[in-house]
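# Descriptive analysis of the structure
Okay, here's what each chain looks like letter by letter:
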Amino acid sequence: MPIKALPSHLINQIAAGEVIERPASVVKELLENSLDAGARRIEIDIERGGVSLIRIQDDGSGIAADELTLALSRHATSKIASLTDLENVATLGFRGEALPSIASVARLKLCSRAAGADSAFQVEVDTDGTLSPLKPAAHPQGTTITVKDLFFNVPARRKFLRTENTEFNHIFKAVQKQLLVAHSVGLSLRHNRKTVLEVGPAATQDQQQQRLATLLGTAFAEQTIAVDANAIEMALHGWLGQPTAARSQPDMQFFFVNGRAVRDKVIVHAVRQAFQDVLYHGRHPVFVLYLTLPPAVVDVNVHPAKAEVRFRDSRLVHDFLYSTLHKAIAGVKPNALPSAANHPPTSTEPLPAAPAQVFNQHHQQSRVPMQVAEQIQAYAALYQAANHEPVTAPPAPESTPELPPLGRALAHVHDIYILAESARGLVLVDAHAAHERVTYERLKTQFAAQGIARQPLLLPLTLVVSPQEADWVEQNPDLLTAMALELNRAGPDKIVLRSAPAVLVSADHERLVRDVLADAQQHGQSAKVQEACHALLATLACHGSVRAGRRLTLDEMNALLRAMEATERSGQCNHGRPTWVELTGQELDKLFQRGR
Ligand code: ADP
Ligand code: MG
């Protein structure tokens, strides 16, 4: 066949193949346009999962009559005019592709009245891509886009559509995601004329928290750890679900970069690493996080549906995310009561004198010297909370004002649970899970303090790898040394391992090295050695911990309670299950209907 330029209708259909995968993609693109137009109120009507109708009305800036047809042509946009604009783009759209793409695979009608104009106009796109003449129409300021019979001319795409409910579910998720970041907009979503979602604008922090509860459920909103951290030119805020709220699917993970919802390998990796040893294998953490950084250091033009970004320095972003989240999670300790748990530990707040004394009394023997300030602080929060109980709560007994957070042990129930009396009520502890956690954290601390000891292999291990991987090995001796790996290049595509971490003598060295190299290729670094060492320490901790079935003495139980108070992440066992629960005096009163 001779070479021919494709007709523009076909070009648009090809572009639609990438941008419009299913009804939810149409909703996403149209919603982005409404938000870019500064809408404060958006109405979305969906029929039959979006296949027969998608209609979005907004009260944004609208489109001038003489630009209506331009809005529907390919590569026409009001959002950027130069490459510099693209590098600093602050709008969600910039490719000028959505409207013509949608119009090429559905029946589209565009009706709009620009701010200040005295009438609205509408234009329709015919099935062959030609535009109807402009017609005056009745419409308040803003834009309505009506999309009917999606994929009527693309049978291949129609075949991939799922049930009406599944498609609507995808639409719901797309809307939900935008609402988590577009706080100032109010929106209603109807499916088959039934209202499914109705939210008002959320200006204040409280309203945003309320919106979070509406969109993700009260359970999530109440059990979160707030994150708020700043670095040079970068900031991260949002909410992390407690490790115990993790899910079997990664379906509640929302990440926004400069207000744009994205999925990104660097981000996923950093988050997973931060949750690494508080999550049971295969569980997925829950989070809503907002990263802001200068537009110039993130490339948003790497994906047709704008669902991915590329960071100029992905390592920097990775490390910032990891350290911020890791610290926020580490703050979840027994003494972090609900109120304290809502705030990540910061070391800048002044410490009241009295709680520091309490701290000294109970923690002199602590063998975990890390982040003492944090511990003191969480303690301070606890003691404040304990002393400021509302009047309805039973007063703490006068005789025991010095009761530590997890209280004093009374009994080892069924040789499994420690029963303790705390200032607020009763505490129950799963002794094995708690001991395991404490031992594990202690092993990790010792391990970190001593560095990773290295031991030569009996037989050096030669591996065939890619030339890029061999290059990386040659260029990163320091990183490898820090991981206690003595690894050298032995040819264009060969490397030799001569020593490995001593704790991993009996590990699968080949797999370890291959994992390290795979990570290094993707992220420029690897936590695999540390992960493998931690996994081993976790096993040691499990074997070295008290078994159910052995009765502990009061002294042993109290020692364990005190160790838990001093240990990071001791609110969960190594598998993400809770290690302790508390029944407050109020809850006990309720059980016995006292005070009614
Ligand atoms: P992009 O969003 O990348 O610019 P689109 O094809 O989505 O490309 O939209 C083309 C243009 O149409 C936009 O640049 C904008 O000027 C205009 N437009 C689309 N939707 C709206 C809307 N809801 N309100 C105001 N203007 C809109
Ligand atoms: Mg757009």
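Structural notes, computed from the coordinates. If you're wondering where the values come from, they're calculated on a predicted model, not measured in any experiment.

## Digging into the overall build of the protein
From N to C terminus, the protein includes 21 helices and 22 strands. Counting only residues that meet the buried cut, the protein has 46% of its 596 residues in that class. Partitioning the contacts of the protein with sequence separation of at least 6, the portion at a separation of at least 24 is 70%.

## Comments concerning the pairing of strand S20 (residues 486–491)
As judged from the five bridges shared by S20 and strand S21 (residues 494–501), these two strands associate in the antiparallel manner. Across the sheet, residue Glu486 finds its bridge partner in S21, namely Ser499.

## Brief notes about the side chain of Ser499
Of note, Ser499 is situated in strand S21. Assessed through its relative accessible area of 4%, Ser499 is described here as buried. Reaching out from Ser499, the side chain makes a polar contact with the side chain of Glu486 at a distance of 2.5 Å. Among all residues touching Ser499, those that are not within four sequence positions of it are Arg454, Gln455, Pro456, Leu457, Ala484, Leu485 and Glu486.

## A word on the sheet that holds strand S11 (residues 253–257)
On the basis of which strands lie adjacent, the open sheet formed by five strands has the order S9-S10-S13-S11-S12 and mixed pairing. Looking along the sheet, the strands with just one partner apiece sit at the ends: strand S9 (224–231) and strand S12 (260–261). Of the pairings in the sheet, the one linking S11 to S12 comprises two bridges and is antiparallel in character. Bridged to Phe256 within S12 is Ala261. Sheet strands touched by helix H8 (residues 205–216): S9, strand S10 (234–241), S11 and strand S13 (287–292). Its angle to S10, the strand with the most contacts, is close to 50°.

Conventions and cut-offs
- Residues numbered from 1 in each chain as written.
- Chains lettered and ligands numbered in written order.
- Predicted model: local features only at pLDDT ≥ 70, side-chain atom pairs only at ≥ 80, totals over all residues.
- Heavy atoms only, no water.
- Helix = DSSP H or I, 4+ residues; strand = E, 2+ residues; numbered from the N terminus.
- Buried < 20%, exposed > 50% of the residue type's maximum accessible area, 1.4 Å probe, protein only.
- Contact = heavy atoms within 4.5 Å.
- Pairing = 2+ DSSP bridges.
- Polar contact = N/O pair within 3.5 Å; in protein donor to acceptor, adjacent residues only side chain to side chain.
- Axes fitted to C-alpha atoms, helices over the stretch in contact; angles between N-to-C directions.

Coordinates in, geometry out; function isn't part of it.
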